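These are the residues of each chain, in order.
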Amino acid sequence: MSAPTPTIAAIATAPGRGGVGVVRISGKNLLPLAQQISGGKTPKPRVALYTDFLDSDGQAIDNGLLLYFAAPASFTGEDVIELQGHGGPVVMDMLLQRCLQLDARMAEPGEFTKRAFLNNKLDLAQAESVADLIDASSRSAARMAVRSLKGAFSQHIHALVDELITLRMLVEATLDFPEEDIDFLEAADARGKLAELQGRLKTVLASAEQGAILREGMNVVLVGAPNVGKSSLLNALAGDDIAIVTDIAGTTRDTVREQITLDGVPVHIIDTAGLRETDDVVEKIGIERSHKAVQEADVALILIDPREGINAKTQAILDSLPDNLKKIEIHNKTDLTGETVEMLSDGLNTASGADTLIRLSAKTGEGLDLLKQALLQEIGWQGESESLFLARSRHLTALSAAEAELENAALCGNNQIELLAEHLRLAQTACSEITGEFTADDLLGVIFSRFCIGK
């Protein structure tokens, strides 16, 4: 027999002071708890009850609204109570402690949403979209998270699984009749169905890859010799004086980070300390952090002074960059050098080996739009659309695994029916991992532990 499900409680609103604070409780048969907190009043399901919230001595802790959601018509599928009071941290803590006195325990991070998943109120992709909505760093990301929460992504996955099941039934039905399997599969157009399934999966994967860009954004590092204009470019992109700008080499002694949004995509820009040899202990630490930022970046903006070209310092920086790092060469200070503001994408005009060269002026702002356009092109962003949904790296991994299994299935010959059936089964398992139909418990622990407490 399984152990009884404990009652859990947590403050559901953000830390600090606010006009309203919420304590959330979930468990079985919570009416007695509601009556003890409200002084014997019995709340009606889904009807707000204005009441005092009482401590164990019958003294009022606060007053506000008590909302009762009877199972299974609640977020978690269990009885849920929300105590909506005044949003002071002391008051919220007193209310939470009162709930703990009444045999509730502190909820773990993401435990309310985990219970919703386990009670089939949400599938795993929808549950993850709750955290994505909370963490959304742009309006576009928030809109896509809501679509996933409502089941848009899951519907695509369920459609893929249904088609896989249909195809598997056709294939596995022939295993009992080996003399007739080839004719049967040809009559059922199994190869045609497999090709259609591959096309649908490819479309879903492409949308997921675009959604992953929207969710994760991109990391951009500014690299170059000291005093080449990296901090000026960061300030120009951010539209604010984020980094200190002087004519003194080594002014930036640590990485400076700022986030902007381009066409709904969050872009994390990191201004690195000038990558050079130095005896300054503090600057050495900043340079070490800069090298780490470069290793984690998606795109590097390589700033070069066209009046000097590739000098020894710049070449040393180029040699330290990862081979697979996407690069855009920047000639800043066109207002001083007299170069024409432009973008060249043939790779023939770059001294750094980058495919794209942009000449601009961070001081005047000329050419910044070209740079923003180039950044979106480098990560393959095609623009927001209703067909997109936020996707995580595990979703992309699962879809890629399913795509590989279907490719292997398509290679199976007419005398390899058992192997064909196995590839289809593995493709279905990979897709089902996304919605949580086949999910290891340790993966669930990792996913929900990253949620905030109270959600």
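About the criteria used
- Residues numbered from 1 in each chain as written.
- Predicted model: local features only at pLDDT ≥ 70, side-chain atom pairs only at ≥ 80, totals over all residues.
- Heavy atoms only, no water.
- Phe/Tyr/Trp six-rings, centres within 6.5 Å; stacked < 30°, edge-to-face > 60°.
- Helix = DSSP H or I, 4+ residues; strand = E, 2+ residues; numbered from the N terminus.
- Buried < 20%, exposed > 50% of the residue type's maximum accessible area, 1.4 Å probe, protein only.
- Pairing = 2+ DSSP bridges.
- Contact = heavy atoms within 4.5 Å.
- Axes fitted to C-alpha atoms, helices over the stretch in contact; angles between N-to-C directions.
- Polar contact = N/O pair within 3.5 Å; in protein donor to acceptor, adjacent residues only side chain to side chain.
- Salt bridge = Lys/Arg side-chain N within 4 Å of Asp/Glu carboxyl O.

1. What to know about the packing of aromatic side chains
Overall, the coordinates contain three aromatic pairs when judged by the stated rule. For the pair F153 and F389, a centre-to-centre distance of 4.4 Å together with 20 degrees between the ring planes defines the contact as stacked. Of this pair, F153 sits in helix α6 (residues 152-173) while F389 sits in the loop between α13 (368-378) and α14 (393-411); the two residues are 236 residues apart in sequence, bridging distant segments of the chain. For the pair F153 and F389, a shared accessibility class is recorded, and that class is buried.

2. A closer look at the sheet that holds strand β4 (residues 60-69)
Taken in spatial order, the six strands of this open sheet run β3-β4-β5-β2-β1-β6, and their pairing is mixed. The open sheet is flanked by β3 (49-54) and β6 (105-106), the only strands paired with a single partner. As paired strands, β3 and β4 are joined by six bridges and run antiparallel to one another. Bridging across to β4, D52 finds its partner in N63. Strand contacts of helix α2 (residues 89-101): β1 (8-11), β2 (18-27), β3, β4, β5 (79-87) and β6, with the helix running at about 15 degrees to β2, the strand carrying the most contacts.

3. What to know about the side chain of E111
Along the chain, the position of E111 falls in helix α3 (residues 111-118). On the accessibility criterion, E111 (9% relative accessible area) is buried. Within the local environment of E111, its side chain forms a polar contact with the backbone nitrogen of E108, the two atoms lying 2.9 Å apart. Leave out the neighbours within four places in its chain, and E111 touches I8, R105, M106 and K455.

4. Topic: the pattern of salt bridges
Scanning the model with the defined rule gives 14 salt bridges in all. With a shortest N-O distance of 3.0 Å, R115 and E78 are connected by a salt bridge. Taken as a pair, R115 in helix α3 and E78 in the loop between β4 and β5 lie far apart in primary sequence, 37 residues in all. The pair R115 / E78 is uniform in exposure class, with both members buried. Between E216 and R215 there is a salt bridge; the shortest N-O distance is 2.2 Å. Since its relative accessible area comes to 24%, R215 is described here as partly exposed. If you follow the salt bridges from partner to partner, you end up with E78, R105, E111 and R115 in one network.

5. Thoughts on helix α9 (residues 230-238)
Structurally, the α-helix is built with 3.6 residues per turn, so residues lying three or four positions apart point the same way. All of the buried residues in α9 are K230, S231, L233, L234, N235 and L237. Check the buried side of α9 and you find it contacts β7 (218-224), β8 (256-262), β9 (265-271), β10 (299-303), β11 (326-331) and α13. Trailing α9 by a residue or two, G239 shows a phi angle of about 70 degrees, which is positive.

The values reported here are purely geometric and, on their own, carry no functional implication.
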